[in-house]
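Examination of the molecular architecture
Below are the chains, spelled out letter by letter.
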Amino acid sequence: MRPHSILVSAVLAAATLVGCGNPSAPSSETETATDEQQILTLYSARHYDGDQAIYDAFEAQTGIEVRARESRAPQLLETMKAEGEASPADVIIAADAGTLWRFKDAGLTQPIASEALEAAIPGALRDPEGHWVGLAKRYRGIAYDTERVAPDAVDAFVKLADPSLDNEICARSSSNIYNLSLLGHLMETQGADAAAAWADTVSDQFARAPAGGDTDQIKAVAAGACSVAIANHYYWVRLATSESEADRDVAARTAFSFADTGNGPHVNVTAGAVAANAPNREGAVAFLEFLATQEGQALLIAETKEYPVLDTVTLPEGLPAAPVSGAETNLGRLGENQVEAARIYDRAGWP
Amino acid sequence: MIAGHVGPIAQRLPLGLATLLLAVPLVAAGLSGMFAGGGEAWDHIVSTDLWRFTATTLGMLALTGLLILATAIPAAWLVTMHSFPGRGVFEWLLILPLAAPGYVIAFAYADLMGVAGPLQAALRDVSGWGARDYWFPNINSLPGLCFVLAGALYPYVYLTARAAFTTTSLCAIDAARTLGASPLSTIWRVALPSARPAIVAGLALALMEAAADYGAADFLGVRTLTVGLFRAWSSFGDAGAAARMALILFGLAIGLQWLERRQRGRSGTQATSKRWQTLDRPPLSPVMGWLATGFCILVFAWGFGVPIIRLIWIALETGDRGTASLWAPLRNSVALASAGAALCFAIGITIALGVRRGGIVASAARAVMAGGYAVPGAVLALGGIVALATFGLNLAGPLALIILIWIYACRFTAAGAEPVQAALVRAPASMTDAARSLGAAPMTRIWRVDLPIALSGATVAALILFVEVLKELPATLMLRPANWDTLAVRAYDYASDERLAAAALPCLLITAAGLLPVLILSWRLSRARPGESH
């Protein structure tokens, strides 16, 4: 046996090992299943334990099996670009409208053209050209220390630039998509220059350098390290409904404000699109339509504590009533402003 | 005679093929980066942050390297050469951090040291201070990241240093002692020089790994090149700029490797005596002995004890366990790690044997191995997808698994080849020379002399590779087929959803799955010295 035959046999051994490693994996069926059963390939930047229940419910209703490739959005985007016309993706799901704008910008989506979706989902939560639809809403707002901060001091994002909050603000890194979308929205309502000045002042008023996620910022408020934190609503709701007493205590010391941007609170969406080269276009549209039904909506938000896009769906336990005024800014603008927002943050020294 | 007369080209073929296999994703990612255009984001990055990213990475490597050397070498020396309370236990305990990924250690320390964490909460309770009334070490900082990475990576140097101290001929050390050298000067002038190639090899591995780390640096908010690379990718949507930053990382890896080879070339020591003797570990004085024990306890607590206990605590404390079963991810992790390790191992041995003859192909092989090790897995994965798309193929079906294992090989072969190369370097060149002068044909020489020597480093290599692949996150996240979640993927999903309690269990399972191979490794090493009494 020579070294290169060792190499060959090890490759074979490796392949065998993987083959035996997961007898229940569907990999061996992939080639044969297509004839009898329709398959829908999902490229998803969402990752929740409960998502399998959505796929199962959809299959029970339509007989279409869902195969999900879950990854981070930028990697899914590059994967699809590299795959080109050979891409197996039918549906793209992302946890942010700005992300789907990038897929659209790269020519990876197509108009959905579904009357059911256009009727069910408010216009501001859909792409103007019909390339993607919002499926669940989240609000970015301000969690604050109820003992030190009055509610009317944090009812708008511009008030974070008030000198009274110097050395009082906690926020996560600006590279996070939620912060990019927030600034993208403020650029629309305040203008780019005012938004840049805002980012400049706010980052000067930080109580500490950005570190950790939104939950960490809310916990820092409860611990007294700062008195206001920029956060998504569901992180606060999850603390309030947690099984851990320490978490509930954090929520008890703080409150969440659906802060105004100039034209209502900052809304973003979990959104879906149909891939430009979707092998199963009809299945893809059917899947998005399913997510906009009562059943699909309930499954989509049960674990995430997001808000439904249909007003008729019952809110999950612990979720406060959503603020009445809806977003006037079309979410598509957030995506277009993303790169400029990243530049503004860099110049402002918001790490 | 086995395969006695093979032409020079046929001899070179395995090395060439192995190199090509490893080079494809690296080159594909590099080319797609250079020709992708998108210069606007790149200009912005160059004008604002590129030098800071690079400086941060260099600073991180320097401080991490110093921390590793300052702890791993004394620890390896103590457990190999002296007896003190608990020595036999520390011998294997100190390897355990190898089983825990850097990002897991980072999760645990960030939670433990954070302003809302148990340490600061207790401090406030006891002192009555407010959260802004005192100074507390900030784990979300460059020194914090170095503290975490060095704690996770010191075993690379501890292992190679221990193996080197263990296999050093005691005659040299005894001679030094007989000649009246003090213990410190024995270490400094005899043991360290002969162990230096092994120590530098271990350090090079640890630092390449640190350079490629994304999980820990991102979680702790330190903007290294790797974090900047992902920022270029996700904030600016510019994969070209990301690939160009990967090229800088590649350059760093080549630099580290050059340093390592230079060190290796300089050390002229060859073990010539085959005479082993029963190892006689001089006991330390009681005070020094307990100091040694305390030192080993601290090192172990730093890299493993404290973070793992914190994770167990988090997992037990709250009800958030996630709802999905972890059995399938566990099985997937073990299957992928076995297959990945097997391929890395085979390629690693082929390269380690092949590069001994030098030449351009050998240099290329070393460069692609080091490059793959220092470049984040996601960049290699993208390279794999680009290469695949050139043939009009996509990741559907079982092909994704093959590509994933291929990318593991590109990423980790260096970790397997290093121990094997170290074994070959430590073997007296006189053995190969003897075989040559006895008229053995080249292939015979490889088969009957070189390969058995190489295999003495092979168990170490195979076990390290298994654990490395088990911990791998970014490439697995990108390439795995549906239903092939691994433990690392689950842990990451929960952690990025800010559910640390739910992430704790998969984190602990990765560590547990890596423990068995690490323990076998430890057991193998402590038996490696023929004079060792049992």
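Here the structure is a predicted model, which means the values were calculated and not measured.

When its secondary structure is counted, chain A shows 14 helices and 10 strands. The buried share among the 351 residues of chain A stands at 56%. Counting contacts in chain A only where the partners sit at least 6 residues apart, residues at least 24 apart contribute 79% of the total.

This part is about the overall build of chain B. Scanning chain B from terminus to terminus reveals 23 helices and 0 strands. The buried share of chain B, taken over its 534 residues, is 56%. For chain B, restricting intrachain contacts to residue pairs at least 6 apart in sequence, the fraction spanning at least 24 positions comes to 86%.

The next thing to look at is the environment of L94 of chain B. All names here are of chain B. Relative to the helices and strands, L94 is located in the loop between α4 (87–93) and α5 (102–113). According to the C-beta neighbour criterion, L94 is buried, with 26 such atoms within 10 Å. Once the C-alpha coordinates of L94 and L61 are considered, the two residues, 33 residues apart in sequence, prove to be 22 Å apart. The residues contacting L94, other than those within four sequence positions of it, are A75, P155, Y158, C296, V299 and F300.

The description of two packed helices rests on the angle between their axes and on the distance between the axes. All names here are of chain A. At a minimum axis separation of 7 Å, helix α7 (residues 177–190) and helix α8 (residues 192–204) run at an interaxial angle of 130°. Classified by the angle their axes make, α7 and α8 are oblique. Where α7 crosses over α8, the handedness of that crossing is right-handed. Across the interface between the two elements, L183, L186, M187 and Q190 from α7 touch A192, A194, A195, W198 and A199 from α8. Split into classes, the residues belonging to the contact of α7 with α8 amount to 8 nonpolar, 1 polar and no charged.

For the rest of this paragraph, the subject is helix α15 (residues 360–374) of chain B. Taking 1.5 Å per residue, 15 residues should reach 21 Å; α15 of chain B reaches 21 Å between its end C-alpha atoms and fits that length. Within the span of α15 of chain B, buried status applies to A365, R366, V368, M369, A370, G371, G372, Y373 and A374 of chain B.

Residue and element names in this part refer to chain B. Note on placement: A415 falls in helix α17 (residues 399–426). By the C-beta count within 10 Å, which is 23 here, A415 ends up buried. Spatially, the C-alpha atoms of A415 and R281 are 31 Å apart, while their sequence positions differ by 134 residues.

All names here are of chain A. Strand direction decides the pairing type here: strand β1 (residues 39–44) and strand β2 (residues 65–70), joined by 6 bridges, are parallel. Within the sheet, the bridge partner assigned to L40 lies in β2 and is V66. Where the polypeptide runs from β1 across helix α3 (residues 51–62) and back to β2, its parallel neighbour, the crossover connection is right-handed.

Another aspect to go through is the packing of helix α9 (residues 183–212) of chain B against α15 of chain B. Residues and elements named next belong to chain B. Packing of α9 against α15 leaves a shortest axis separation of 7 Å and a crossing angle of 50°. Taken together, the axis directions place α9 and α15 in an arrangement best described as oblique. From α9, M208, A211 and A212 reach across to α15, where they touch A370, Y373 and A374. Of the residues assigned to the contact of α9 with α15, the class counts are 6 nonpolar, no polar and no charged.

What follows deals with the confidence of the model for chain A. Averaged over every residue, the pLDDT of chain A is 86; the share at 70 or more is 89%. Across residues 1–34 of chain A, where pLDDT falls below 50, the model places 58 contacts with residues more than four positions away in sequence or in other chains.

With that settled, consider helix α20 (residues 458–471) of chain B. Residues spaced three or four apart along an α-helix face the same direction, because each turn holds 3.6 residues. The end-to-end C-alpha distance of α20 of chain B is 20 Å, a good match for the 20 Å that 14 residues give at a rise of 1.5 Å each. The element α20 of chain B is largely enclosed, with a buried count of 13 among its 14 residues.

For A113 of chain A, which is not glycine, the phi dihedral falls at a positive 55°. Within the element layout of this structure, A113 of chain A appears in the loop between β4 (109–110) and α6 (115–120). The backbone of E498 of chain B shows a phi angle near 60°, a positive value even though the residue is not glycine. Relative to the assigned elements, E498 of chain B resides in the loop between α22 (487–496) and α23 (500–526). Given 20 C-beta atoms within 10 Å, E498 of chain B falls into the buried group.

Turning to the confidence of the model for chain B, a few remarks are in order. All names here are of chain B. Of the residues in chain B, 84% have a pLDDT of 70 or more, and the chain-wide mean is 82. Note on residues 1–5: pLDDT is under 50 here. Beyond four places in sequence and across chains, it has 11 contacts. This stretch, residues 530–534, has a pLDDT under 50; its non-local contacts, to residues over four places away or in other chains, come to 9 contacts. Taken over the whole predicted complex, pTM reads 0.83, whereas the ipTM for its chain interfaces reads 0.77.

With that out of the way, let us pick up the pairing of strand β9 (residues 266–275) of chain A. Within a regular beta strand, the side chains point alternately toward one face of the sheet and then the other, so they alternate between its two faces. Residues and elements named next belong to chain A. Counting buried positions over the 10 residues of β9 gives 10, a clear majority of the element. Relative to β9, strand β3 (residues 91–94) runs antiparallel, the two being bridged by 4 bridges. Along β9, the bridge assignment pairs V91 with V274. With 2 bridges joining them, β4 and β9 adopt antiparallel strand pairing. Bridge pairing in β9 links T109 to A275. Pairing analysis gives 8 bridges linking strand β5 (residues 132–145) to β9, with the strands arranged antiparallel. Within the sheet, the bridge partner assigned to Y139 lies in β9 and is V267.

With that settled, consider the environment of S244 of chain A. Relative to the elements of secondary structure, S244 of chain A occurs in the loop between α10 (233–240) and α11 (245–253). Separated by 95 residues in the primary sequence, S244 of chain A and V149 of chain A place their C-alpha atoms 26 Å from one another.

Calculation criteria
Residues numbered from 1 in each chain as written. Chains lettered and ligands numbered in written order. Predicted model: local features only at pLDDT ≥ 70, side-chain atom pairs only at ≥ 80, totals over all residues. Helix = DSSP H or I, 4+ residues; strand = E, 2+ residues; numbered from the N terminus. Buried ≥ 20, exposed ≤ 12 C-beta atoms within 10 Å, placed from the backbone. Contact = placed C-beta atoms within 7 Å. Axes fitted to C-alpha atoms, helices over the stretch in contact; angles between N-to-C directions. Parallel < 35°, antiparallel > 145°, perpendicular 65-115°, else oblique. Left-handed = near helix turned anticlockwise from the far one by under 90°. Nonpolar A, V, L, I, M, F, W, Y, C, P; charged D, E, K, R; others polar. Expected span 1.5 Å × (residues − 1). Pairing = 2+ DSSP bridges. Right-handed = clockwise from strand over helix to strand, strands pointing away. pLDDT = per-residue confidence, 0-100.

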